[in-house]
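Working through the structure, step by step
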Amino acid sequence: MLLLLLAANLPALAAPPTAASLAATDGPVGAALARYLAEPGADPRVCDRSGAGPSIPGIDEAGVRAVLAAAKTGKIPAPTAEACLGALLRDPRAAYLTGNELVLVLAEAAARGGDGADTLLGVLADRPADCRLDRDIVKRTLARVDTKLARASLEAGEKARLLRLHRAIELEAGLIDGAAATEARITAEDKVGRLAAMAARLPEAGLREVASLRLRDLRIAASPFAVVRDAPDAVRRALDEGGVYAVDVARHPVSAARWVPGPQDPSIVRLVQAAETGRSHLLAVLPDRTVRTEASVPLRPALAVELEGVEGPLALCGEGDRWDPTPCVAPSVLALDHPGAQLDGDKLRLRNDLVVDDVVLLGRDGERFLPRLMVGGVAATGLDLVLHFDPVAPLVLSGTGPSRPGPDLRVDLVEIGNGRLFFGVQVLETSTRYAVVTARHDEGFQVVSRGVRGQDGQPGHAGARGTDGSRGAYGSCPSGNGGNGGNGGPGGAGTNGSPGGDGGNGGNITVVLDCESCEALRPIALRRVASQGGAAGKGGAGGKGGAGGKGGSGGNAASCSTYDASSKSYRSSYGTSGMSGTDGAAGASGSSGADGRPGTDGSVSVRLRGD
């Protein structure tokens with residue numbers, strides 16, 4: 001028992017952080033991020049706030065230093081630390097990454113060595129181009145590295161790591177292999193990786209431009225595409241003008257095109273119909289069942305295009321990169337013919353303003369959504385998504401006031417193929433039209449003309465309360481007796497409730513069939529189309545009878561004194577109090593009004609088109 005009491009007073013152990021708890025944190029996560037990343041199975045994607053999963057809301061200096069310390073000592077596995085720190089460096093919204101602090105901390109931690117130093121060096125070397133140190137920080141860091149490199153007792157592994165660190169940051173000081181960067185030194189470089197770093201990190205814009213052009217020329221010469229290697233001048237002009245090299249499909253016609261969906265591309269397209277307005281919209285459903293309301297299907301990089309005389313399939317051109325000569329296909333060669341989608345640059349955007357004619361065309365494709373995408377005149381394959389028609393709520397049409405009849409309707413019921421039916425509904429009195437497409441087996445949809453419910457009757461008035469009886473008179477001497485109270489008056493009768501109104505009649509409906517097998521469609525029409533009378537109004541409740549008046553109370557008795565001469569004294573006597581009057585009887589309640597009559601169903605007639 002004592003142990004239980006002691007245990008009850010011990011503080012609860014804090015649960016280890018999870019991805020969900022980090023994402024739910026209000027503000028920077030601090031050192032909790034490092035504790036989470038050290039847990040078995042931790043997902044470094046929590047550091048990437050551009051992803052779709054749970055991620056940290058922010059990070060501060062304490063959080064960054066905690067992650068670096070845990071990575072350096074090996075508490076966080078090297079791949080996890082590298083992925084997290086790389087994501088932090090790419091995130092312009094991270095509060096601690098607005099200056100040079102994280103890069104400096106990375107450099108200092110890498111210079112100190114340890115089990116995680118190579119991981120930190122990898123992050124430092126591969127950081128984004130816009131994550132640069134200012135020159136003063138670079139000089140101070142390089143001076144510390146050079147001091148360590150000058151030691152005679154330096155081991156070969158440590159020397160290699162320090163040289164790698166030196167190379168990872170020296171460009172920002174305008175140095176290449178310890179010497180001042182010059183145009184001649186840059187144009188002599190033949191390693192693509194070194195030139196890419198120079199183009200991103202050299203402090204002078206002119207030298208970065210020289211490195212970019214040299215990098216572009218090397219990539220053109222080493223391109224696996226003959227169409228690039230054989231026309232270097234044309235490729236350079238294209239990159240200078242638009243940042244991309246779009247192959248001329250007039251010289252290299254499209255031979256084939258195929259869309260290969262990625263893991264985040266839609267797999268299902270949902271059609272949501274509004275029968276009351278005749279307009280509909282489409283939704284995209286991702287493989288994880290997430291629904292996109294602003295629905296689009298990205299064609300880049302999923303669309304692979306093959307051109308005559310060009311090696312391998314090409315992707316659509318995206319954003320320009322002046323020193324990347326990879327050939328691509330301009331989105332301007334795309335054309336689309338589909339009622340449910342339209343082109344938006346390199347995206348196929350699902351429409352949210354479909355009218356009934358578009359829906360009918362979609363219904364004829366059955367359970368498939370097949371955009372007819374043409375690439376340079378050649379039909380693309382693979383764009384075969386599942387088309388799901390959401391259930392449509394019944395279309396119930398009524399009058400505009402109590403007891404009004406339902407409208408007369410004409411319903412055109414058409415078989416449009418692939419087991420789908422088109423209902424075109426016309427309100428004859430106002431020429432209003434509605435339309436909807438459903439599957440034949442979708443029994444939830446109906447077209448109904450319904451009379452309006454009758455108005456309920458008014459309740460009767462309550463009867464008046466009876467008058468109270470008068471109070472009995474007070475007793476007086478010599479008798480001393482009080483008078484009796486008067487009786488209360490009867491309550492008034494309640495009035496009767498008024499009758500309920502009759503329900504409106506259902507409208508008359510004509511169903512016109514347009515079909516090949518009308519004998520099978522006729523019973524479906526009679527199930528899906530109905531005319532219903534409105535419900536009757538309820539009669540008003542009778543008024544309650546008034547309460548009887550309260551009987552008057554009896555008068556109080558009087559005390560009388562008389563003088564007795566023989567005893568020469570006064571003798572007292574008391575009278576009796578009067579009796580209270582009786583209460584009046586309650587008035588009779590009024591009768592409830594009669595319920596109205598329900599409306600009668602209208603007629604539903606079915607005929608064939610042309611009859």
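Residues numbered from 1 in each chain as written. Predicted model: local features only at pLDDT ≥ 70, side-chain atom pairs only at ≥ 80, totals over all residues. Heavy atoms only, no water.

1. Observations regarding the packing of helix α12 (residues 205–221) against helix α14 (residues 232–242)
The angle between the axes and the distance between the axes are what describe a pair of packed helices. Contact geometry of α12 with α14 gives a least axis separation of 11 Å together with a crossing angle of 135°. In this view, α12 runs oblique relative to α14, as classed from their interaxial angle. Taken as a pair, α12 and α14 cross one another with a handedness that is right-handed. Across from Arg 216, Asp 217 and Ile 220 in α12, the residues of α14 making contact are Pro 232, Val 235, Arg 236, Leu 239 and Asp 240. Per-class residue counts for the contact of α12 with α14 are four nonpolar, no polar and four charged. (Axes fitted to C-alpha atoms, helices over the stretch in contact; angles between N-to-C directions. Helix = DSSP H or I, 4+ residues; strand = E, 2+ residues; numbered from the N terminus. Parallel < 35°, antiparallel > 145°, perpendicular 65-115°, else oblique. Left-handed = near helix turned anticlockwise from the far one by under 90°. Contact = heavy atoms within 4.5 Å. Nonpolar A, V, L, I, M, F, W, Y, C, P; charged D, E, K, R; others polar.)

2. A closer look at the sheet that holds strand β15 (residues 372–375)
Strand order in the open sheet formed by three strands is β11-β15-β16, with antiparallel pairing between adjacent strands. The open sheet is flanked by β11 (334–337) and β16 (378–379), the only strands paired with a single partner. Sheet topology places β15 next to β16; two bridges connect them, and they run antiparallel. Following the sheet pairing, Val 375 is matched in β16 by Val 378. (Pairing = 2+ DSSP bridges.)

3. A closer look at the nonpolar core
Counting 49 residues, the largest nonpolar core has Leu 299, Leu 303, Leu 350, Phe 369 and Val 375 as its most contacted members. Not counting the four nearest positions on each side in its chain, Phe 369 is found in contact with Val 269, Leu 282, His 338, Gly 340, Ala 341, Leu 350, Leu 362, Leu 383, Asp 384, Leu 385, Val 386 and Leu 387. (Core = buried A, V, L, I, M, F, W, Y, C linked by side-chain atoms within 4.5 Å. Buried < 20%, exposed > 50% of the residue type's maximum accessible area, 1.4 Å probe, protein only.)

4. A look at the confidence of the model for the protein chain
Looking at the protein chain as a whole, the pLDDT averages 81, with 82% of positions reaching at least 70. Across residues 1–13, confidence stays below pLDDT 50; counting only partners more than four residues off in sequence or on other chains, it has zero contacts. (pLDDT = per-residue confidence, 0-100.)

5. So, the packing of aromatic side chains
One pass over the full model with this rule turns up one aromatic pair. Ring centres of Phe 423 and Phe 445 lie 5.1 Å apart, and the angle between their planes is 70°; on these two criteria the pair is classed as edge-to-face. Remark: Phe 445 occurs in the loop between β21 (432–439) and β22 (447–450) and Phe 423 occurs in strand β20 (residues 420–427); sequence separation between them is 22 residues. On the basis of relative accessibility, which here comes to 0%, the residue Phe 423 falls in the buried class. (Phe/Tyr/Trp six-rings, centres within 6.5 Å; stacked < 30°, edge-to-face > 60°.)

6. Thoughts on the state of the cysteines
Enumeration over the complete set of coordinates arrives at three disulfides. The residue that forms a disulfide with Cys 47 is Cys 84, at a sulfur-sulfur distance of 2.0 Å. Judged by the sign of its S-S torsion, about -85°, the bond between Cys 47 and Cys 84 is left-handed. Placement of the pair is Cys 47 in the loop between α3 (32–37) and α4 (61–72) and Cys 84 in helix α5 (residues 78–90), with a sequence separation of 37 residues. With a relative accessible area of 0%, Cys 47 lands in the buried category. (Disulfide = S-S within 2.5 Å.)

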